[in-house]
Amino acid sequence: MSTFGYIFRVTTYGESHCKSVGCIVDGVPPGMTLTEEDIQPQLTRRRPGQSKLSTPRNEKDKVEIQSGVEFKKTLGTPIAMLIRNEDQRPHDYSDMDNFPRPSHADYTYLEKYNLKASSGGGRASARETIGRVAAGAIAEKFLAQVSNVQIVGFVTQIGSIKMNRDPFDPSFHHLLNTITREKVDSAGPIRCPDPNLAGGMVKEIEKYRGNQDSIGGVVTCVVRNVPTGLGEPCFDKLEALLAHAMLSIPASKGFEIGSGFEGVSVPGSKHNDPFYFDEEKQKLRTKTNHSGGIQGGISNGENIYFSVAFKSVATISQEQETADYDGKPGVLAAKGRHDPAVTPRAIPIVEAMTALVLADALLIQKSRDFAKSVTH
């Protein structure tokens, strides 16, 4: 499906080489100040052609608000946003008409729909995520106004080069408390906040790009100032919604939250997060945060943090022995313009999907709070 969310609801449209991509966002509260300038920064962070670490496709990705906003105020009606595809080269894919790209969606889309987009990846292309990022920028502004929610993603791994993200290491939690988008972007196009590793990550991507190959990585994301009570047990637990959102992003292959897989080897006596009373905030908090800010599927007010694994890009120019659609063996050397690593550009997409999950969850909880207030 191309629609995500219940109350704060986004529907995306468009393919890699059609005339435009975009989205319709429903459920945005009326009266919120909103202009293209609120949305453009995240689209610019996502756009291709930023550096030699990304695809050379040159798109401006300028957003145009089509409806739902008047005199810089949201009307409470659906907000349509359009981003034009200006650097289309569908002919780049003509040589691949006979071959399904290994580990891409060509074959599965054909099996499902009995046809597929003839150029690029169609809806499986990362161009589809532009609508998500535009919608996420609105969700983020709403969250910031309501609760000063801060969402920051950053690269913690490229290939075998890995930053410390040990959930039991206090220095990692210090990073989660202090990291900002400004610090992330100041690290250059690699967007890794560890200066001792950033250069090596760049060289790792350049190595694979030089071999007409690709390499994967990990994006870690932290959310601060999350209100308590978000998440809908049992099937819409907050971490389940975040996992759904992250694994819907193209090329994502793994998700872990809080202590994740590291937590299985730690006994409960050390893994548990003891409570204490915070005099300043006048509320219960936890001394540690191995839970990743969510307990029982509901936010507890601590930082939410998680990591998303992105596979190596499927479309590479290196020759690969494979088979055509008729099953005949052959060799495919894919053409077109593709990222040697999607991980650095995935950051605003991860942030956007996080914002969409939380904005929807917050509106659901606000609805419950209101219903409770008028029935008691």
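Residues numbered from 1 in each chain as written. Predicted model: local features only at pLDDT ≥ 70, side-chain atom pairs only at ≥ 80, totals over all residues. Heavy atoms only, no water.

A. Looking closely at the overall build of the chain. Within the chain, the regular secondary structure consists of nine helices and 18 strands. A compact globule built from 376 residues would reach a C-alpha radius of gyration of about 21 Å, and the chain, at 21 Å, matches this within 12%. In terms of principal-axis extent, the alpha carbons of the chain reach across some 65 × 50 × 40 Å. Out of the 376 residues belonging to the chain, those deemed buried represent 49%. Accessible surface for the chain amounts to roughly 17800 Å². Of this, 52% is attributable to carbon and sulfur atoms. Here the chain contributes 44 positively and 44 negatively charged side chains, and the mean placements of these two sets differ by 2 Å. (Helix = DSSP H or I, 4+ residues; strand = E, 2+ residues; numbered from the N terminus. Rg over C-alpha atoms; globule rule 2.2 N^0.38 Å. Buried < 20%, exposed > 50% of the residue type's maximum accessible area, 1.4 Å probe, protein only. Areas by Shrake-Rupley, 256 points an atom, 1.4 Å probe, with all protein chains shown as cover. Lys, Arg positive; Asp, Glu negative; His and termini not counted. Charge placed at Lys NZ, Arg CZ, Asp CG, Glu CD.)

B. Layout of a nonpolar patch on the surface. Taken together, the side chains of Phe275, Phe277 and Leu284 define a hydrophobic patch exposed on the protein surface, amounting to about 330 Å² of accessible area. Within the secondary structure, Phe275 is located in strand 12 (residues 275-278). (Patch = residues over 30% accessible without salt bridge, like charges linked within 9 Å, V, L, I, M, F, W, Y side chains within 5 Å. Salt bridge = Lys/Arg side-chain N within 4 Å of Asp/Glu carboxyl O.)

C. Expanded view of the packing of helix 7 (residues 238-247) against helix 9 (residues 343-375). Put simply, helix 7 and helix 9 touch, their axes get as near as 9 Å, and they point 145° apart. Viewed along their axes, helix 7 and helix 9 form a crossing whose handedness is right-handed. Packed against helix 7, whose contacting residues are Leu238, Leu241, Leu242, Ala245 and Met246, the element helix 9 presents Val350, Met353, Thr354, Val357, Leu358 and Ala361 at the interface. Residues of the contact of helix 7 with helix 9, tallied by class, amount to 10 nonpolar, one polar and no charged. (Axes fitted to C-alpha atoms, helices over the stretch in contact; angles between N-to-C directions. Left-handed = near helix turned anticlockwise from the far one by under 90°. Contact = heavy atoms within 4.5 Å. Nonpolar A, V, L, I, M, F, W, Y, C, P; charged D, E, K, R; others polar.)

D. Region of interest: the packing of aromatic side chains. Under the defined criterion, the tally for this structure stands at three aromatic pairs. Judged by centre distance (5.6 Å) and plane angle (50°), the ring pair of Tyr109 and Tyr113 falls under tilted. Taken as a pair, Tyr109 and Tyr113 lie in helix 2 (residues 106-113) at a separation of four residues, close to a single helical turn. Note on Tyr113: relative accessible area 49%, which makes it partly exposed. Residues Phe255 and Phe306 carry aromatic rings whose centres are separated by 5.4 Å and whose planes lie at 40° to one another, so their mutual orientation is tilted. With Phe255 in strand 11 (residues 252-257) and Phe306 in strand 16 (residues 304-310), the pair connects residues that are 51 residues apart, well separated along the chain. Its relative accessible area of 1% is what places Phe306 among the buried residues. The aromatic ring of Tyr113 is capped on one face by Lys112, whose charged end is 5.7 Å from the ring centroid. (Phe/Tyr/Trp six-rings, centres within 6.5 Å; stacked < 30°, edge-to-face > 60°. Lys NZ or Arg CZ within 6 Å of the ring centre and 35° of its normal.)

E. View of the environment of Asn98. By the secondary structure assignment, Asn98 is in the loop between strand 7 (79-84) and helix 2. Asn98 sits 18 residues away from Lys116 along the chain, and the two C-alpha atoms are 12 Å apart. Discounting residues that sit within four places of it in the chain, Asn98 has contacts with Asp324 and Tyr325.

F. Quick peek at the pattern of salt bridges. The full count for this structure, using the stated rule, is 17 salt bridges. Here Arg132 makes a salt bridge to Glu128, at a shortest N to O gap of 3.0 Å. Between Arg181 and Glu351 there is a salt bridge, and its shortest N-O distance comes to 3.3 Å. Here Arg181 is found in helix 5 (residues 181-186), whereas its partner Glu351 is found in helix 9, with 170 residues between them in sequence. Note on Arg181: relative accessible area 17%, which makes it buried. Residue class for Glu351 comes out buried when judged on its relative accessible area of 0%. A single salt-bridge network, built from bridges that share partners, covers Arg45, Glu140, Arg181, Asp185, Arg191 and Glu351.

G. Focus on the packing of helix 1 (residues 36-46) against helix 9. For the pair helix 1 and helix 9, the least separation of the axes is 7 Å and the interaxial angle reads 145°. Across the interface between the two elements, Gln42, Arg45 and Arg46 from helix 1 touch Arg345, Ile347, Pro348, Ile349 and Glu351 from helix 9. Residues of the contact of helix 1 with helix 9, tallied by class, amount to three nonpolar, one polar and four charged.

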